[in-house]
Amino acid sequence: VDGLAVHTDPHGRFHITCAVVPHASRGSNFILKLDGLRTISVNTARHLARKRPAKTNPSAFTTTLNGLGEITTEISQNHARNEGDQYLNGLRSIDMETAAALSAHGEFLGLDGVESLLPATAADLAKHRGRGLSLNGITTLLAETAKALSGYKGDCMALGGLKRLDASAAAAIAGFGRTLHLDGLEELEDVSTARALAEQKGELSLEGLSKITVNAAECLVHHRGRLSLNGLTGVSYALAGALAGHK
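Everything numeric in this text was worked out from a predicted model, so none of it was measured. (Residues numbered from 1 in each chain as written. Predicted model: local features only at pLDDT ≥ 70, side-chain atom pairs only at ≥ 80, totals over all residues. Heavy atoms only, no water.)

Undergrad: Which parts of the structure should I look at to understand the sheet that holds strand β1 (residues 30-33)?
TA: Remark on secondary structure: sheet strands pair via backbone hydrogen bonds, oriented parallel or antiparallel. Sheet architecture is open: nine strands sit in the order β1-β2-β3-β4-β5-β6-β7-β9-β11, paired in parallel fashion. Two strands in the sheet have a free side with no partner beyond their single neighbour: β1 and β11 (227-228). (Pairing = 2+ DSSP bridges. Helix = DSSP H or I, 4+ residues; strand = E, 2+ residues; numbered from the N terminus.)

Undergrad: Looking at this model, I keep getting lost on the pattern of salt bridges. Mind explaining?
TA: Close approach of charged atoms lets side chains of opposite charge pair. By the definition in use, this model includes eight salt bridges. For Arg226, the salt bridge goes to Glu203, with nearest N and O atoms at 4.0 Å. In this pair, Arg226 is assigned in the loop between α8 (214-220) and β11 and Glu203 in the loop between α7 (191-197) and β9 (204-205), connecting sequence segments 23 residues apart. Among the residues examined, Glu203 registers a relative accessible area of 23% and is labelled partly exposed. Here the residues in one salt-bridge network are Asp85, Glu107 and Arg131, joined through shared partners. (Salt bridge = Lys/Arg side-chain N within 4 Å of Asp/Glu carboxyl O. Buried < 20%, exposed > 50% of the residue type's maximum accessible area, 1.4 Å probe, protein only.)

Undergrad: Is there a simple way to think about the packing of aromatic side chains in this case?
TA: Note on aromatic pairs: each is described by the distance of the centres and the angle between the planes. Across all of its chains, the model carries two aromatic pairs by this definition. Centre to centre, the rings of Tyr87 and Phe108 are 5.5 Å apart; their planes meet at 40°, and the pair counts as tilted. Here Tyr87, found in strand β3 (residues 85-87), pairs with Phe108, found in the loop between α3 (96-102) and β4 (109-110); they are 21 residues apart in sequence, far enough to count as distant. Ring centres of Tyr152 and Phe176 lie 6.0 Å apart, and the angle between their planes is 15°; this geometry places the pair in the stacked category. Placement of Tyr152 in the loop between α5 (143-149) and β6 (156-158) and of Phe176 in the loop between α6 (167-173) and β7 (179-181) is noted, with a sequence separation of 24 residues between them. Summarising the burial analysis for this pair, Tyr152 and Phe176 share the class buried. (Phe/Tyr/Trp six-rings, centres within 6.5 Å; stacked < 30°, edge-to-face > 60°.)

Undergrad: Please clarify how the environment of Thr44 should be interpreted in this entry.
TA: Tracing the sequence through the fold places Thr44 in helix α1 (residues 42-48). Between the C-alpha atom of Thr44 and that of Asn78, which follows or precedes it by 34 residues, the distance is 9.3 Å.

Undergrad: How should I be thinking about helix α2 (residues 73-80) in this particular structure?
TA: Each α-helix winds once per 3.6 residues, and so residues spaced three or four apart point in a common direction. If you check which residues of α2 are buried, you get Ile75, Ser76, Asn78, His79 and Ala80. Where the residues of α2 are buried, they touch α1, β3 and α3. (Contact = heavy atoms within 4.5 Å.)

Everything listed here is a matter of coordinates, which is why it stays silent on function.
Laid out in structure tokens, this is it:
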């Protein structure tokens, strides 16, 4: 790993020569961390969105701007042109216009600072064209918002900030049929919620789950995708028997 510290001029400008192709034959992974930025101009955002070199896979080029607390729609549109993974985890909220602009982005998008989403905003964000969407800052999920997010067509979605999930929201988010991370859930006792999650058709990760009742487990094992429950401790004989039914 080669680290490079870059100092800007008085106007905040900087230049990195041959940043993403130190190996001309195979390219390389490159992470541009600009987490110290608290504001960003349209011009800077436009430069960050410049095309990557042809030998660099988009997923190998990552930009982090986790210091930004807010961005305009115009800046969001420029961020969406960035071909690599993007992390904007400093944003606490996004409106419909920002969500619609960011949805044009084509790689992984991290928005772990966003604490809540209205259903209409979630619907715009679900149009995101990238392979992954991380929303680990959301702590409460309405059924209407979950239904909107379930329409996302990417490979994975993370909602690791949820500690609780009611049956209606579980049934709605279960419509997302690829890899779903709900690793913040700590307990699963409600049979209706377990039954709803069992309807999810893709991979379901519940890594944070430390307690599940036997009745809930008997419902959850009907899930037909990969099921991750590595956080469980003190598994009783009865619980082990119930979980053994998972196929």
